[in-house]
Amino acid sequence: MKKQIVFIEYSPMIHTLKMAKGLRDTGKYETVLISFNKVDKKLFEIGYDKIINLEISQQLSFKNLFFLIQKMFSKEWTKFFAEIKSLHPYIVQITTLSLFCFLFSFLIKKKVPKIYYAYDIAAFYNFGKFNIRKYFEKKIEKYYFKNMDGILHKGPREELTLLDYSVNAPDLALLPGCLEDWTHVPKKKNMKEIHIAYAGSPFITPWMVSFVEIIQKITAQGIHFHTYDKCSTESENKLFLKEEKNNPYFHYHDKTNPKKLNEEISNYHYGIIPQFFYPSLIDSRWIKTTMSNKMFNYLEAGLPVIIGKQGKVMVDVTNEHDLGICIDYEDISNLKKILNRLNYEKLQKNVKIAQKKLSISNITKELENFYGKVVEKNKFRFNNINKNVS
């Protein structure tokens, strides 16, 4: 009989999908997703045997509260509860800090080991104005760190020691990894015109160098710059649409699913993560521990990378596998000259090697070992509790 692994997330996430697919592909596990937002079933069914979905908005408003109360008396709500109660998990993994995920996790039997995957650590998110939602997310996160049976995280191994409180559960630092089904062998490229991809929407934040400025400095050198996904606010969207209209080297693409994204950007030359922070405006722990999933989009697409030097975790991965270059903001103005000095074919060979070393298949082995340790420790704890009771 296959062991059942249950993933609880407010919105289904790509990095967890890759993890679930890796586990399912071993033939030893049944993977289940519990989600409270829209699910692209065609995409997520590649990793999950079963998807239990109840759409509930987490935006605070009287309208949403009214819909929630209505839903609580619906057949959909009853069916959702019944499906959760029918589960028999080997392990439960929670990724997001949503209140709904937090509350519904208590429906799972106490004896079932629970793991929190700290994809980003909210305790390090100390910039910008006070945000009530972030405040409660930090409270939920602390509860998880203090009470879960195991912790997964994607930053450096020592990142949990940077918290203001101790974490006693076993933990595993796990990189996002390359999904074999979405991975492309590096292609032979024409180097006359360089194309750089950013696998996400451009951003405007006061604690980082302007993305518009970065685009303009790169494209002024005759380098094509591609972004994927529109901005969330109308004002920002208008700004980048205007830039695209006036700049023939800037390409402001719509969002697409990861498989199509990797296929498209595999035709470009480099993937970039242009994070250049103003250190006085941001928690230094965030800079030390940030790991962008985009880096693995680029590896899957067969692209060497361009990484901002401040992102220590990504710099370490880049340097360890010789996947590209790490730059300061001051280097942006001379990027074309820097790129022209690189041995591109050698970088492509290194990327191909890293695709295998950092594949989901290899990462799954680490994950299985970690799950096993958490389960054994949990059994030992409950056996001791039962002995003390008797």
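As a reminder, the structure under discussion sits directly above these lines.
Remember, predicted model here, so these are calculated numbers, not experimental data.

Draft legend 1. Representation of the overall build of the protein in the model. Looking only at helices and strands, the protein has 15 helices and 13 strands in total. Taken over C-alpha atoms, the radius of gyration comes to 22 Å for the protein, in line with the 21 Å a tight globule of 390 residues would show. Over its C-alpha atoms, taken along the principal directions, the protein stretches across nearly 75 × 50 × 40 Å. Across the protein, the fraction of contacts at a sequence separation of at least 24, relative to all contacts at a separation of at least 6, is 73%. Computed over 59 positive and 41 negative side-chain charges, the inter-centroid distance for the protein is 4 Å.

Draft legend 2. Layout of the sheet that holds strand β11 (residues 270-273). Strand order in the open sheet made by the 6 strands is β10-β9-β8-β11-β12-β13, with parallel pairing throughout. Each edge of the sheet is formed by a strand with only one pairing partner; in this case those strands are β10 (250-253) and β13 (324-327). When the angles between neighbouring strand axes are averaged without regard to direction, this sheet yields 20 degrees. Here strand β8 (residues 195-198) pairs with β11 via 2 bridges, running parallel. The residue bridging Ala 197 from the neighbouring strand is Gly 271, located in β11.

Draft legend 3. Representation of the pattern of salt bridges within the structure. Applying the stated criterion across every chain yields a total of 13 salt bridges. The partner of Lys 21 in a salt bridge is Asp 25, with the nearest N and O atoms 2.7 Å apart. Measuring nitrogen to oxygen at the nearest pair gives 3.4 Å for the salt bridge that ties Asp 120 to Lys 154. Highlighted residues: Asp 120 in the loop between β5 (114-118) and α6 (132-147) and Lys 154 in the loop between β6 (150-153) and β7 (171-173), separated in sequence by 34 residues. Asp 120 sits in the partly exposed class, given a relative accessible area of 35%. Among the ionic contacts, a cluster of salt bridges with common partners joins Lys 21, Asp 25 and Asp 181.

Draft legend 4. Representation of the environment of Glu 141 within the structure. Mapping Glu 141 onto the fold places it in helix α6. Distance from Glu 141 to Ile 121, taken between C-alpha atoms, is 8.0 Å for residues 20 residues apart in sequence.

Draft legend 5. The sheet that holds strand β4 (residues 91-94), seen in detail. Overall, parallel pairing links the 7 strands, which are arranged β3-β2-β1-β4-β5-β6-β7 in an open sheet. Since the sheet does not close on itself, it has two edges, and those belong to β3 (50-53) and β7, each with one partner. Geometrically, the sheet is characterised by an average inter-axis angle of 20 degrees between neighbouring strands, direction not taken into account. Sheet topology places strand β1 (residues 3-9) next to strand β2 (residues 29-35); 7 bridges connect them, and they run parallel. Across the sheet, residue Val 6 finds its bridge partner in β2, namely Val 32. The sheet contacts of helix α1 (residues 14-24) involve β1, β2, β4, β5 and β6, and relative to β1 the element is tilted by about 175 degrees. Contacting β4, β5 and β6, α6 runs over the sheet at an angle of about 130 degrees to β5.

Draft legend 6. Structural view of the packing of aromatic side chains. The tally for this structure, following the rule as stated, stands at 29 aromatic pairs. For the pair Phe 102 and Phe 106, a centre-to-centre distance of 5.3 Å together with 90 degrees between the ring planes defines the contact as edge-to-face. Members of the aromatic cluster, connected to one another through ring pairs, are Phe 102, Phe 106, Tyr 116, Tyr 143, Tyr 144, Phe 145 and Tyr 165. Above the ring of Tyr 119, the side-chain terminus of Lys 154 is found at 4.0 Å from the ring centroid.

Draft legend 7. Structural view of the nonpolar core. With 98 residues, the main nonpolar core has Phe 36 and Ile 196 as its most contacted residues. Broken down by element, this core gets its largest block of residues, 5 residues, from helix α7 (residues 211-219). Not counting chain neighbours up to four residues away, the residues in contact with Phe 36 comprise Ile 8, Glu 9, Tyr 10, Asn 53, Leu 54, Glu 55, Ile 56, Phe 80, Phe 100, Cys 101 and Phe 104. Among the nonpolar cores identified, the runner-up in size contains 30 residues, and Phe 7, Met 19, Ala 20 and Phe 370 belong to it.

Draft legend 8. Spatial organisation of a nonpolar patch on the surface. Taken together, Ile 69, Met 72 and Phe 73 make up a surface patch of nonpolar side chains, about 350 Å² in accessible area. Locating Phe 73 in the fold gives a position in the loop between α3 (62-72) and α4 (75-85).

Draft legend 9. A look at the pairing of β8. Going residue by residue along β8, you find His 195 and Ala 197 tucked away on one face and Ile 196 and Tyr 198 tucked away on the opposite face as well. Direction of pairing for β8 relative to strand β9 (residues 224-228): parallel, over a ladder of 4 bridges. Looking across to β9, one finds that Tyr 198 is bridged to Thr 227. For the segment spanning β8, α7 and β9, crossover handedness is right-handed.

Draft legend 10. Local environment of unusual backbone geometry. Positive phi is not limited to glycine here, since Asp 229 has a value of about 120 degrees. The residue Asp 229 is located in the loop between β9 and α8 (234-246) in this model. Residue Asp 229 is classed as partly exposed on the basis of its relative accessible area, which comes to 22%. Residues other than glycine seldom take positive phi values, yet Asp 322 does so here, at roughly 50 degrees. Positionally, Asp 322 belongs in the loop between α12 (312-321) and β13.

Cut-offs applied
- Residues numbered from 1 in each chain as written.
- Predicted model: local features only at pLDDT ≥ 70, side-chain atom pairs only at ≥ 80, totals over all residues.
- Heavy atoms only, no water.
- Helix = DSSP H or I, 4+ residues; strand = E, 2+ residues; numbered from the N terminus.
- Rg over C-alpha atoms; globule rule 2.2 N^0.38 Å.
- Contact = heavy atoms within 4.5 Å.
- Lys, Arg positive; Asp, Glu negative; His and termini not counted.
- Charge placed at Lys NZ, Arg CZ, Asp CG, Glu CD.
- Pairing = 2+ DSSP bridges.
- Axes fitted to C-alpha atoms, helices over the stretch in contact; angles between N-to-C directions.
- Salt bridge = Lys/Arg side-chain N within 4 Å of Asp/Glu carboxyl O.
- Buried < 20%, exposed > 50% of the residue type's maximum accessible area, 1.4 Å probe, protein only.
- Phe/Tyr/Trp six-rings, centres within 6.5 Å; stacked < 30°, edge-to-face > 60°.
- Lys NZ or Arg CZ within 6 Å of the ring centre and 35° of its normal.
- Core = buried A, V, L, I, M, F, W, Y, C linked by side-chain atoms within 4.5 Å.
- Patch = residues over 30% accessible without salt bridge, like charges linked within 9 Å, V, L, I, M, F, W, Y side chains within 5 Å.
- Areas by Shrake-Rupley, 256 points an atom, 1.4 Å probe, with all protein chains shown as cover.
- Right-handed = clockwise from strand over helix to strand, strands pointing away.

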